[in-house]
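Overview (structure and organization)
The residues making up each chain are set out below.
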Amino acid sequence: EAGVAQSPRYKIIEKRQSVAFWCNPISGHATLYWYQQILGQGPKLLIQFQNNGVVDDSQLPKDRFSAERLKGVDSTLKIQPAKLEDSAVYLCASSLSLSANYGYTFGSGTRLTVV
Amino acid sequence: SQQGEEDPQALSIQEGENATMNCSYKTSINNLQWYRQNSGRGLVHLILIRSNEREKHSGRLRVTLDTSKKSSSLLITASRAADTASYFCATPQGNTPLVFGKGTRLSVIA
């Protein structure tokens, strides 16, 4: 089966600019996650979707970050305006359901550098 | 929040040796999962061990779970240079998304 697709692979922007990341999960996976991973740390959850609805966005900095999954398949994550501390790898993952009995499948991530 | 903490933070071994990484957690769990992350890549799900299991094998991987000590270990036997990566444990509870620790950085020297 095809994996989780993410694009772009790399992005360099200046602070205060905006940026968007795209994710296509595994076909049939109802649950989609966006994680932020700062260098040397583990991934930190930003937002969780179940189909096209938000389940958990408690750790999403809503003043600058937004995410959507309008048709319950693809998802986009946007940052506007970007700050230097947003430099990180943004990982998308999907799983069959909300149940914790399934592992997650991750994409390769988008490495964002804010200068 | 539910979280696994990996130990050691870094581990360097020679090719052919065994590598052991440990994970501790704080509250009761349904299962515990181990993931691998190669440099510059996403995480790859390695193995899921349920709370009623004590040991699980997958190829050269062996995972143990001790719920009384709230700990798990991941053993990689006969390590290869390709095993060089960061390894994370995660302990979900209910429908809570996975929370990851800082991981163990394994270096296997040829």
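In this report, the structure presented in the accompanying data block is examined.

Procedures and definitions
- Residues numbered from 1 in each chain as written.
- Chains lettered and ligands numbered in written order.
- Predicted model: local features only at pLDDT ≥ 70, side-chain atom pairs only at ≥ 80, totals over all residues.
- Heavy atoms only, no water.
- Helix = DSSP H or I, 4+ residues; strand = E, 2+ residues; numbered from the N terminus.
- Rg over C-alpha atoms; globule rule 2.2 N^0.38 Å.
- Buried < 20%, exposed > 50% of the residue type's maximum accessible area, 1.4 Å probe, protein only.
- Contact = heavy atoms within 4.5 Å.
- Areas by Shrake-Rupley, 256 points an atom, 1.4 Å probe, with all protein chains shown as cover.
- Lys, Arg positive; Asp, Glu negative; His and termini not counted.
- Charge placed at Lys NZ, Arg CZ, Asp CG, Glu CD.
- Salt bridge = Lys/Arg side-chain N within 4 Å of Asp/Glu carboxyl O.
- Pairing = 2+ DSSP bridges.
- Buried area = accessible area lost by both parts, 1.4 Å probe.
- Polar contact = N/O pair within 3.5 Å; in protein donor to acceptor, adjacent residues only side chain to side chain.
- Nonpolar A, V, L, I, M, F, W, Y, C, P; charged D, E, K, R; others polar.

Quick look at the overall build of chain A now. Of regular secondary structure, chain A possesses 0 helices and 11 strands. Reading chain A from its N end, one meets helices and strands in the order β-β-β-β-β-β-β-β-β-β-β. Taken over C-alpha atoms, the radius of gyration comes to 13 Å for chain A, in line with the 13 Å a tight globule of 115 residues would show. Counting only C-alpha atoms and orienting by the principal axes, one finds that chain A spans roughly 40 × 25 × 25 Å. Relative to its full complement of 115 residues, chain A shows a buried share of 43%. Partitioning the intrachain contacts of chain A with sequence separation of at least 6 by distance along the chain shows that 53% fall at a separation of at least 24. For chain A, the accessible area works out to roughly 5500 Å², and carbon and sulfur atoms hold 50% of it. Of the side chains in chain A, 12 bear a positive and 9 a negative charge, and the two mean positions are spaced by 5 Å.

Let us now look at the pattern of salt bridges. Residue and element names in this part refer to chain A. Throughout the structure, instances matching the rule amount to 5 salt bridges over all chains. The partner of Lys 62 in a salt bridge is Asp 57, and the shortest N-O contact between them spans 3.8 Å. Between Asp 86 and Arg 64 there is a salt bridge whose closest N-O contact spans 2.5 Å. Here the residue Asp 86 occupies a position in the loop between strand S8 (75-79) and strand S9 (88-95), and Arg 64 occupies one in the loop between strand S6 (53-56) and strand S7 (65-68), the gap between them amounting to 22 residues. Judged by relative accessible area, Arg 64 falls into the buried class, the value being 11%.

Right, let's talk about the pairing of strand S11 (residues 110-114) of chain A for a bit. Residues and elements named next belong to chain A. Of the two faces of S11, the one lined by Thr 110, Leu 112 and Val 114 is fully buried and the one lined by Arg 111 and Thr 113 carries no buried residue. In this sheet, S11 lies alongside strand S2 (residues 10-13) in parallel orientation, the contact comprising 4 bridges. Residue pairing in the sheet places Ile 13 in a bridge with Val 114 of S11. The pairing of S9 with S11 spans 3 bridges and is classified as antiparallel. Bridge pairing links Tyr 90 to Thr 110 in S11.

Facing the 23 residues of chain A at the interface are 21 residues of chain B. Broken down residue by residue, the surface that chain A buries against chain B is led by Ala 100, Tyr 104 and Phe 106 of chain A, which jointly contribute 29%. At the junction of chain A with chain B, the criterion picks out 0 salt bridges. In this assembly, chain A and chain B are joined by 6 residue pairs in polar contact (both at pLDDT 80 or more). When residues of the side of chain A that touches chain B are traced back to their parent elements, those giving at least two are strand S4 (31-37) and strand S5 (44-50) of chain A. For the side of chain A that touches chain B, the element with the most residues is S4 of chain A, which contributes 3 residues. Among the residues making up the side of chain A that touches chain B, the classes are represented as 10 nonpolar, 10 polar and 3 charged.

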